[in-house]
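Here are the chains, one letter per residue:
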Amino acid sequence: MNARLAVDIGGTFTDLVLETPQGTRSHKLLTTPDAPERAVLEGAKKLLRGETLRLVLHGTTLATNALIERKGARTALVTTQGFRDSIEIAYEHRFAQYDLTMERPAPLVPRAMRYTVPERIAADGGVLLALDEAALHTVAEQARADGVAALAICFLHSFTNDAHERRAAEILSALLPGVSISLSCEVCPELREYDRASTTIANAYVRPLMDGYLARLEEGFRAIGIAAPVLMMMSSGGLCTVEAARRFPVRLVESGPAGGAILARHVAAENGLDKVLAFDMGGTTAKLTLIDHGAFHMARSFEVARAYRFVQGSGLPIRIPVIELVEIGAGGGSIARRDALGRIMVGPDSSGSAPGPACYGRGGLSPTVTDADLLLGRLDPALFAGGTMPLDEAAAQKSFAPLGPDAAIGVAEIVDETMASAARVHAVENGEDTAGRTMIAFGGAAPLHAARLAQKLGITRVVVPLGAGVGSAHGFLQAPIGFEVVRTRYTRLDNMDTTALEAMFTDMRAEAEAVVLQAAPAEGLVESRTAFMRYRGQGHEIPVLVPPGLAATALHQAFVAAYARVFGRAIPGLQPEVMTWALALSSPLAPPARLAEAAPLPMPATSASRMLTDPATGAADSAAIHARTSLAPGATLCGPALIIEDETTTIIPKHWTARINAGGQIILEHAP
């Protein structure tokens, strides 16, 4: 049978979706952090009913959590003599310049485990100092004494000439069998020394962990009779083979959110929406993504594990292709407290799946957002998770008692305002606005908070897709198989050598094909080229799609248009330059069919209700309860009401309406 299984491991829940010719089935269960594959295998066994799987699609937060919690492998850095402290010097600036107690994030590799080797490559690729191979034997001895499990090799300017890095890897792999080695010329062959080293170290740091996990997962699949190949979701929105994921696990750091963004793009196309804000809120984090005219905002870098109030510069820079999004510690498990001034604070720490929110009855004592949602009437304790996991309302009330009366309202408002602030900043940083957009809400907690968040952002329409509670897993099923290759090659448009550039792109395509063709047919592959450009004298670049033909004039015009779109104007008289080139190769992706309008139906009757508190006013009203499975296309509801399904609940506040469209999606609209 032509069945596919999608798996998304989050910090609190593990989501699975099985796609068969007859439709989809889903299952949501608590993540097992000590052995993540256990929840995956348990969920797969519950979903499969004799089907033979053709493919498994998988995204995981394992690499992300290892970086955040500092639970990766014992890693050492091998670098050019004199440059061991570049990862500690970082950008040579203070991200919080007025805070005298500010501390930079500690590097993943302590200074004593940063080994240096005499060698030097010039910026143009010339060899200034030959590699001292004898020094590598000393490095190997020190690595054995330090108990190193992973090595990151990052020599100066190796993105222009990788000979020294590859020779060093050849020698060290022979001297240190069993030690995982990551090369910067493979992981991140780009300029900017600190970013390249940080990315390579992060890859080395999580590689043994991911390698072991994927091996256990594939072994577990075989044990329960699943022989299907596994493809991994990448941060860029493409799927790669397990082999590629084992080499470059750092590319999986934002794999879960990428799946959600793909789902949102699919839903936007089905509904003919040009301006969208994708809102994904799970048990641990919330993610917000802008989608314009069917396209993501893409980025070349982001920060993981921001340790200082989510301020830029307080995390570890990772330079990989990524769907540009903002991720904050605001989820159902986010813990609430009062600070020294008596103010209610929420997150970023989370109760996770163990012990979880107090209402889960698993030993959690701290008040969380989920506990607040229960006390506000947003969750029916008897119907949570399809009735398989009843919630303890008394435990939620007990956890909130130290915070004082009406604290649940305060927690809900604060977490929604935190997300709204993050969305506003994210939009401004991309030269966009949130007002007038349509929100697409998915993830276990997002439909609970979507309408209130929309009000704060000036949004009057929200779409909740089918299977919203396991939205990222649904997104995996719609993702193309793809891979992106990047090369730094400084190019001035007034003397652009198109012949040399085409030869470079030919090599880049061959490298991408080596990954993509393992899981996709060669016919119909889609290639796109991007130039990362800036005006001469500027410090940072913007992405520009390379027009067909690789003509300098057309590329100049494309840069001017892109620059004006981001910054509001172009700069006359300045010449642009290209610092880095990227080639993305992916399997073709057919756009979804536009959904037809559903004929309106009378408002469905229901006898079930519960009191629902509106945080905007503090008033409680009786809200009708509807099962989503009972609502046919065309059905219309007036708030206040709850639409309950196994993986989530959609809140329809007062003065909002909801209708079910032809695709079974919930369309929330604010009444004028």
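Scroll up for the structure.
Overview of the structure. Note that the structure is predicted; figures quoted are calculated from it, not measured.

Cut-off values and rules
Residues numbered from 1 in each chain as written. Predicted model: local features only at pLDDT ≥ 70, side-chain atom pairs only at ≥ 80, totals over all residues. Heavy atoms only, no water. Helix = DSSP H or I, 4+ residues; strand = E, 2+ residues; numbered from the N terminus. Buried < 20%, exposed > 50% of the residue type's maximum accessible area, 1.4 Å probe, protein only. Contact = heavy atoms within 4.5 Å. Phe/Tyr/Trp six-rings, centres within 6.5 Å; stacked < 30°, edge-to-face > 60°. Lys NZ or Arg CZ within 6 Å of the ring centre and 35° of its normal. Pairing = 2+ DSSP bridges. Axes fitted to C-alpha atoms, helices over the stretch in contact; angles between N-to-C directions. Parallel < 35°, antiparallel > 145°, perpendicular 65-115°, else oblique. Left-handed = near helix turned anticlockwise from the far one by under 90°. Nonpolar A, V, L, I, M, F, W, Y, C, P; charged D, E, K, R; others polar. Expected span 1.5 Å × (residues − 1). Salt bridge = Lys/Arg side-chain N within 4 Å of Asp/Glu carboxyl O.

Some remarks on the environment of Ala435
Working step 1: Looking at the secondary structure, you find Ala435 in the loop between α12 (407-429) and β23 (438-442).
Working step 2: On the basis of relative accessible area, Ala435 is assigned to the partly exposed category, the value being 44%.
Working step 3: When the C-alpha positions of Ala435 and Leu341 are compared, they lie 33 Å apart, and in sequence the two are 94 residues distant.
Working step 4: Among all residues touching Ala435, those that are not within four sequence positions of it are Leu457 and Gly458.

Notes on the environment of Leu131
Working step 1: Note on placement: Leu131 falls in the loop between β8 (127-129) and α4 (133-145).
Working step 2: Not counting chain neighbours up to four residues away, the residues in contact with Leu131 comprise Val117, Pro118, Glu119, Leu136, Phe155, His164, Arg167 and Ala168.

Considering the packing of aromatic side chains
Working step 1: Summed over all chains, the structure comprises eight aromatic pairs.
Working step 2: A centroid spacing of 5.6 Å and a plane angle of 50 degrees characterise the contact between Phe559 and Tyr563, whose relative ring orientation is tilted. Here the residue Phe559 and the residue Tyr563 both occupy positions in helix α16 (residues 552-567), the gap between them amounting to four residues, near one helical turn. Here Phe559 matches Tyr563 in class, with each residue buried.
Working step 3: Cluster of aromatic residues (ring-pair linked, three or more members): Tyr535, Phe559, Tyr563 and Phe567.
Working step 4: One cation-aromatic arrangement involves Arg251 over Phe248; the distance from NZ or CZ to the ring centre is 5.9 Å.
Working step 5: Positioned above the aromatic ring of Phe483 is the side chain of Arg251, whose terminal nitrogen or guanidinium carbon lies 4.3 Å from the ring centre.

Description of the sheet that holds strand β32 (residues 641-644)
Working step 1: Taken together, the four strands give an open sheet; going across it, the order is β29-β30-β32-β33, and neighbouring strands pair in mixed fashion. Single-partner strands in this sheet number two, and they are β29 (609-613) and β33 (649-652). The average angle at which neighbouring strand axes cross in this sheet is 30 degrees, direction not considered.
Working step 2: Here strand β30 (residues 620-627) runs beside β32; their pairing, made up of four bridges, is parallel. For His626, the partnering residue across the bridge sits in β32 and is Ile643.

Quick notes on the side chain of Asp280
Working step 1: Structurally, Asp280 can be placed in strand β13 (residues 275-281).
Working step 2: Among residues more than four places away in sequence, those in contact with Asp280 are Thr285, Ala286, Lys287, Phe442, Gly443 and Ser472.

A few points about the packing of α4 against helix α5 (residues 163-175)
Working step 1: Contact geometry for α4 and α5: axes closest at 10 Å, N-to-C directions at 45 degrees. Classified by the interaxial angle, the pair formed by α4 and α5 is oblique. In this structure, α4 meets α5 at a crossing whose hand is right-handed. Residue-level inspection shows Glu133, Leu136, His137, Val139, Ala140 and Arg144 of α4 in contact with α5, the latter providing Arg167, Ala168, Ile171, Leu172 and Leu175.
Working step 2: Here the residues of the contact of α4 with α5 are counted per class, giving seven nonpolar, one polar and three charged.

Digging into α5
Working step 1: Helix length check: α5 (13 residues) gives 19 Å between terminal C-alpha atoms against 18 Å at 1.5 Å per residue, within 8%.
Working step 2: Residues of α5 that are buried: His164, Glu165, Ala168, Ala169, Ile171 and Leu172.

Describing the packing of helix α2 (residues 62-69) against helix α7 (residues 193-223)
Working step 1: Running from N to C, α2 and α7 cross one another at 130 degrees; their axes reach a closest spacing of 10 Å. One way to sum up the angle between α2 and α7 is to call them oblique. Handedness of the crossing formed by α2 with α7: right-handed. Along its contact with α2, which presents Leu62, Ala63, Ala66 and Leu67, the element α7 presents Ala202, Tyr205, Val206, Leu209, Met210 and Tyr213.
Working step 2: Considered class by class, the residues forming the contact of α2 with α7 number 10 nonpolar, no polar and no charged.

Description of the pattern of salt bridges
Working step 1: Counted according to the given criterion, the structure contains 42 salt bridges.
Working step 2: Here Arg216 ties to Glu37 by a salt bridge, and the two come within 3.1 Å at their closest N and O atoms. Here the residue Arg216 occupies a position in helix α7, and Glu37 occupies one in helix α1 (residues 36-47), the gap between them amounting to 179 residues.
Working step 3: Relative accessible area serves as the criterion here: at 39%, Arg216 is assigned to the partly exposed category.
Working step 4: Residue Glu37 is classed as buried on the basis of its relative accessible area, which comes to 11%.
Working step 5: For the salt bridge of Glu133 with Arg167, the shortest nitrogen-to-oxygen distance reads 2.9 Å.

Observations regarding unusual backbone geometry
Working step 1: Residues Ala354 and Pro355 are joined by a peptide bond in cis, for which omega reads 10 degrees.
Working step 2: Following the sequence through the fold, Pro355 ends up in the loop between β22 (344-350) and α10 (369-375).
Working step 3: Of note, the bond from Gly639 into Pro640 is cis; its omega dihedral lies within 30 degrees of zero at 5 degrees.
Working step 4: In this structure, Pro640 sits in the loop between β31 (636-638) and β32.
Working step 5: A positive phi angle, near 60 degrees, is found at His157, a position not held by glycine.
Working step 6: Among the secondary structure elements, His157 is positioned in the loop between β9 (150-154) and α5.
Working step 7: A positive phi is found at Leu550, a non-glycine position, where the angle reads about 55 degrees.
Working step 8: Of note, Leu550 is situated in the loop between β27 (542-545) and α16.

Digging into the pairing of strand β14 (residues 286-292)
Working step 1: With respect to burial, β14 is a largely interior element, seven of its seven residues being buried.
Working step 2: Side chains of β14 alternate between two faces, with Ala286, Leu288, Leu290 and Asp292 and Lys287, Thr289 and Ile291 buried alike.
Working step 3: Judged from the seven bridges that link them, β13 and β14 form a sheet pairing that is antiparallel. Bridged to Lys275 within β14 is Asp292.
Working step 4: Hairpin remark: β13 followed by β14, antiparallel, with four residues in the connecting loop.

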